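Structural overview
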Amino acid sequence: MRDKIIYLDNNATTSCSYKVQEAVRVCMKEQWGNASSQHFIGRQAYRLLEESRERVAAALACRKSEIFFNSGATEGNNWIFLSLLKSNPGKRRIVISSIEHKSVLLSARALEALGFEVVEMPVTQDGVVDLKQASELISNNTVLVSCQYANNETGVIQPVSQLCEMAHNAGAIFHCDAVQGLGKDNLEMSKQDFDITTFSGHKIHGPQGTGILYLRGGFKSWPYTLPFVGGGQEHDVHPGTHNLPGIVGLATAVEEVVSNLSQRIDHFSKLQKLLEKELLINIPGCIIHGKSANRLPNTTNVAIPGLPADILIANMPLFCISSGSACNSGAIGASYVLQSMGCLEEVSKRSVRISTSIFTTKKDIRSFVSELITTLKTLPSL
């Protein structure tokens, strides 16, 4: 038995980096005030809050007034659809991709019962949104187009710039869930035309429960009703007491991943090349999903012949990988992402995702492949 757990599920969450841990620790010890309080301690906390906002804005190449802190992309994604619901806009069509994160898919579908028309853009067999069909779906009655920067299961990067242009030509708002792109690709907001973008801190070695809502032009440019009310913090975009230690840690994480982006991408790419080479050589019949498409350099989703993914994962307890979509009971179901790509249900249920981080080593990859080979030889094929 191995004595070290190897973590290969970084698209789900990442460990906090040392710099982030230290930033959070110092803040909790020395700057624990409420940033909305008027006294000296509160003003100190407010200065630290705004310094963090400036750091994030500089790293993302946007204005400080365009950055709003929240609990993560799931909240940010819900915020958009709640905003439309409270505003009751004249246009009623919402266009999303069929492979969006559930915080977009389910939020959009919830509006169907309230009179909105929700249509889903199909994807190709490589998992890329079909631009021809997208152009036919994005009509003049479209109020919002939403497409993720890269898929969390396959790592396939989406044609968001083209979709954004289509949305604007139709007079619609464009939203991008860029959770998986930050720290793995160049995401300077000044070079994008996205109206609204969502990020999560825990995907980039920041604290869990932290996130960023980017609004191009600031909150005054958002044409619809702000859905939340409370204490007025973040201009009512996210009212409620600031999670200052989390925000400080988030700003540290954003700076860290952006400042060494080229080294990170090079590291990820070398690991991905090694992993996929070893899989194709040693596991005959395996299928790497989206292999021909432009993908994140840290993500590999592969169908393993012979065994359902949940059985495989259960028999490799010291290797943290993921598979499929978890239903409320916790059971592994067939991935709707892979099925949208035309995968048979049987193939989908044999697929696992390996996602690396800056802390993953070549030794970790070789150990994983070796253990996978051993496990496949040990377990009876189904």
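Here's what I pulled together on the structure shown here. (Residues numbered from 1 in each chain as written. Predicted model: local features only at pLDDT ≥ 70, side-chain atom pairs only at ≥ 80, totals over all residues. Heavy atoms only, no water.)

**Describing the side chain of R295**
As a reminder, the rule being used: Each helix corresponds to a stretch of at least 4 residues labelled H or I by DSSP, and each strand to a stretch of at least 2 residues labelled E; elements are numbered beginning at the N terminus. Distance and chemistry together define a polar contact, namely a pair of N or O atoms within 3.5 Å, with one atom able to donate a hydrogen and the other to accept it when in protein, and with adjacent residues in sequence counting only for side-chain atoms on both sides.
Along the polypeptide, R295 turns up in the loop between β9 (287–288) and β10 (299–303). At a separation of 2.8 Å, a polar atom in the side chain of R295 contacts the side chain of E276.

**Notes on the sheet that holds β9**
We count it as follows: DSSP bridges decide pairing: two strands pair if at least two such bridges lie between them.
With antiparallel pairing, 3 strands are arranged side by side in an open sheet as β9-β10-β14. Every other strand in the sheet has two partners, leaving β9 and β14 (351–355) as the edge strands with one partner each. Two strands pair when backbone bridges link them, and β10 and β14 are joined in this way by 5 bridges, in the antiparallel orientation. Counted as the bridge partner of N301 is R353 from β14.

**A closer look at unusual backbone geometry**
So the rule is basically this: When a residue's accessible area, from a 1.4 Å probe over protein chains only, is under 20% of the maximum for its type it is buried; when over 50% it is exposed; and in between it is partly exposed.
Its identity as a non-glycine residue notwithstanding, A61 has a phi of 55 degrees, on the positive side. Secondary-structure assignment places A61 in the loop between α2 (40–60) and β2 (67–70). Judged by relative accessible area, which is 24%, A61 ranks as partly exposed. Not every positive phi belongs to a glycine, and E234 is a case in point at roughly 55 degrees. Here E234 is to be found in the loop between β8 (211–215) and α7 (244–259). In this structure E234 comes out as buried when scored by relative accessible area, which is 6%.

**Some thoughts on the packing of aromatic side chains**
Inclusion rule: Two aromatic rings, drawn from Phe, Tyr or Trp (for Trp, its six-membered ring), form a pair once their centres lie within 6.5 Å of each other, and the interplanar angle then sorts them: stacked below 30 degrees, edge-to-face above 60, tilted otherwise.
All chains considered together, the criterion is met by 4 aromatic pairs. The interplanar angle of 45 degrees and the centroid separation of 5.4 Å between the aromatic rings of F174 and F194 together place this pair among those described as tilted. Linking F174 in strand β6 (residues 173–177) with F194 in the loop between β6 and β7 (196–200), this pair joins segments that are 20 residues apart in sequence. On the accessibility criterion, F174 (0% relative accessible area) is buried.

**Section: the pairing of β14**
By the criterion of burial, β14 is predominantly enclosed, with 5 of the 5 residues buried. Judged by which residues are buried, β14 turns out to be covered on both faces: S351, R353 and S355 on one side and V352 and I354 on the other are all buried.

**Focus on the sheet that holds β2**
What counts is decided by this rule: For helices, the fitted line uses only the C-alpha atoms of the stretch in contact; every axis is such a line through C-alpha atoms, and the angle between N-to-C directions lies from 0 to 180 degrees. Two residues form a contact once any of their heavy atoms are found within 4.5 Å.
The sheet built from 7 strands is open, its strands ordered β2-β8-β7-β6-β5-β3-β4 with mixed pairing. Strands at the two margins of the open sheet, each flanked by one partner only, are β2 and β4 (117–121). Strand-to-strand twist in this sheet, taken as the mean axis angle between neighbours without regard to direction, amounts to 20 degrees. Bridge analysis of strand β3 (residues 93–97) against strand β5 (residues 142–146) gives 4 bridges, and the strand direction is parallel. Note on β5: the bridge partner recorded for R93 is T142. Relative to the sheet, helix α4 (residues 102–110) contacts β3, β4, β5 and β6, its axis offset from that of β3 by approximately 155 degrees.

**Focus: the pattern of salt bridges**
Note the following rule: Here, a salt bridge means any side-chain nitrogen of Lys or Arg that lies within 4 Å of a carboxyl oxygen of Asp or Glu.
If you walk through the whole model with that rule in mind, you get 19 salt bridges. One salt bridge in this structure joins E188 and K191, with 3.4 Å as the shortest N-O distance. We classify E188 as partly exposed; its relative accessible area is 26%. Residue K349 is joined to E345 by a salt bridge in which the shortest nitrogen-to-oxygen separation is 3.2 Å. Accessibility expressed as a relative area gives 39% for K349, which makes it partly exposed.

**What to know about the nonpolar core**
Note the following rule: Side-chain atoms within 4.5 Å link the members of a nonpolar core, which is a set of buried Ala, Val, Leu, Ile, Met, Phe, Trp, Tyr and Cys residues.
By size, the foremost hydrophobic cluster in this structure holds 58 residues, and its most contacted members are L60, I67, F174 and F199. The element that contributes the greatest number of residues to this core is α7, accounting for 8 residues. What I67 contacts, discounting residues up to four positions off in sequence, is R53, V56, A57, L60, C62, I212, L213, Y214 and E234. If you look at the next biggest cluster of nonpolar residues, it comprises 25 residues, including L279, L307, A309 and L372.

Any functional reading would require information beyond the geometric quantities listed.
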